[in-house]
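# Coordinate inspection notes
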Amino acid sequence: MDAEGKSMEDRIVESYRQDEDMMILVFAQWCVNHGLDPAELYRKAYPGQPDNERLGRVLELTVPKEEAGDIPDQTVLGVLSMYGNDDLAAVVAEAAAARHARP
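So, here's what we can say about the structure. (Residues numbered from 1 in each chain as written. Predicted model: local features only at pLDDT ≥ 70, side-chain atom pairs only at ≥ 80, totals over all residues. Heavy atoms only, no water.)

### Concerning the packing of helix α4 (residues 73-82) against helix α5 (residues 86-101)
When two helices pack together, you describe them by how their axes are tilted relative to each other and by the distance separating the axes. Note the threshold: All axes here are fitted lines through C-alpha atoms, helices being fitted over the stretch that makes contact, and every angle between N-to-C directions spans 0 to 180 degrees. Note on conventions: DSSP H or I runs of at least 4 residues are helices, E runs of at least 2 residues are strands, and numbering of each starts at the N terminus. Oblique is the label for every angle not falling under 35 degrees (roughly parallel), over 145 degrees (roughly antiparallel), or within 65 to 115 degrees (roughly perpendicular). Definitions for this section: a left-handed crossing has its near helix turned counterclockwise from the far helix by less than a right angle. A right-handed crossing has that turn clockwise. Any two residues having at least one pair of non-hydrogen atoms within 4.5 Å are treated as being in contact.
Packing of α4 against α5 brings their axes to within 8 Å, and their N-to-C directions diverge by 170 degrees. By the criterion of interaxial angle, the relationship of α4 to α5 is roughly antiparallel. The handedness of the crossing between α4 and α5 comes out as left-handed. In contact with D73, V76, L77, L80 and S81 of α4, α5 contributes D86, L88, A89, V92, A93, A96, R99 and H100.

### What about the pattern of salt bridges?
For clarity, the cut-off: In what follows, salt bridge is the name for a side-chain nitrogen of Lys or Arg lying within 4 Å of a carboxyl oxygen of Asp or Glu.
Counted by the stated rule, this structure contains 7 salt bridges. Taking the shortest distance from any N to any O, the salt bridge between R54 and E20 comes out at 2.8 Å. With R54 in helix α3 (residues 53-59) and E20 in helix α1 (residues 3-33), the pair connects residues that are 34 residues apart, well separated along the chain. Among the ionic pairs, D21 bridges to R54, the shortest N-O distance being 2.8 Å. Within this pair, whereas D21 is found in helix α1, its partner R54 is found in helix α3, the two being separated by 33 residues in sequence.

### Considering the packing of aromatic side chains
For any pair of aromatic rings, geometry is given as the distance between the ring centres together with the angle between the planes. The criterion, for reference: Between 30 and 60 degrees the pair is tilted, below 30 it is stacked and above 60 it is edge-to-face, where a pair is any two Phe, Tyr or Trp rings, Trp via its six-membered ring, whose centres lie within 6.5 Å. Each residue is assigned to one of three classes by its accessible area relative to the maximum for its type, calculated with a 1.4 Å probe on protein chains only: buried under 20%, partly exposed between the two thresholds, exposed over 50%.
Counted under the stated rule, the structure contains 2 aromatic pairs. Seen from their ring centres, Y16 and Y83 are 5.5 Å apart, and the 50 degrees between their planes marks the pair as tilted. You can see Y16 sitting in helix α1 and its partner Y83 sitting in the loop between α4 and α5, a full 67 residues away along the chain. Residue classification places Y16 among the partly exposed positions, given a relative accessible area of 45%. Plain terms: the ring middles of Y42 and Y46 are 5.0 Å apart, the flat faces sit at 50 degrees to each other, and that makes the pair tilted.

### Some points on the nonpolar core
Defined as follows: In plain words, nonpolar cores are sets of buried Ala, Val, Leu, Ile, Met, Phe, Trp, Tyr and Cys residues tied together by side-chain atoms within 4.5 Å.
Residues F27, W30, V76, L80, L88 and V92 are the most contacted members of the largest nonpolar core, which totals 25 residues. Of all the secondary structure elements, the ones that give two or more residues to this core are α1, α2 (38-45), α3, α4 and α5. Element by element, the count of residues in this core is highest for α1, at 7 residues. Once you skip the residues sitting within four places of it in the chain, L80 turns out to touch M23, F27, N85, L88, A89 and V92.

Below, the structure written as structure tokens:
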């Protein structure tokens, strides 16, 4: 592969990584907005995996729920599914259902 092709590949990989970080941020902010611990939900979805470093870094970008815009449940579920995080989407759906079931 020539240098130009490698450069294009690097840009594509970097773009995907940035998009993944945005997905993580949407998930983390949704958790903050609903008083949930994103790391705890992640561990519940992926119990055999170590803590997610990227989640830890992205958590620093979240804002208090009073400053955040609303993120509908369907938005976070759609973003997670788009990136193949079906196990995490299932845990989020469970948490959303539990929240809606409360009086």
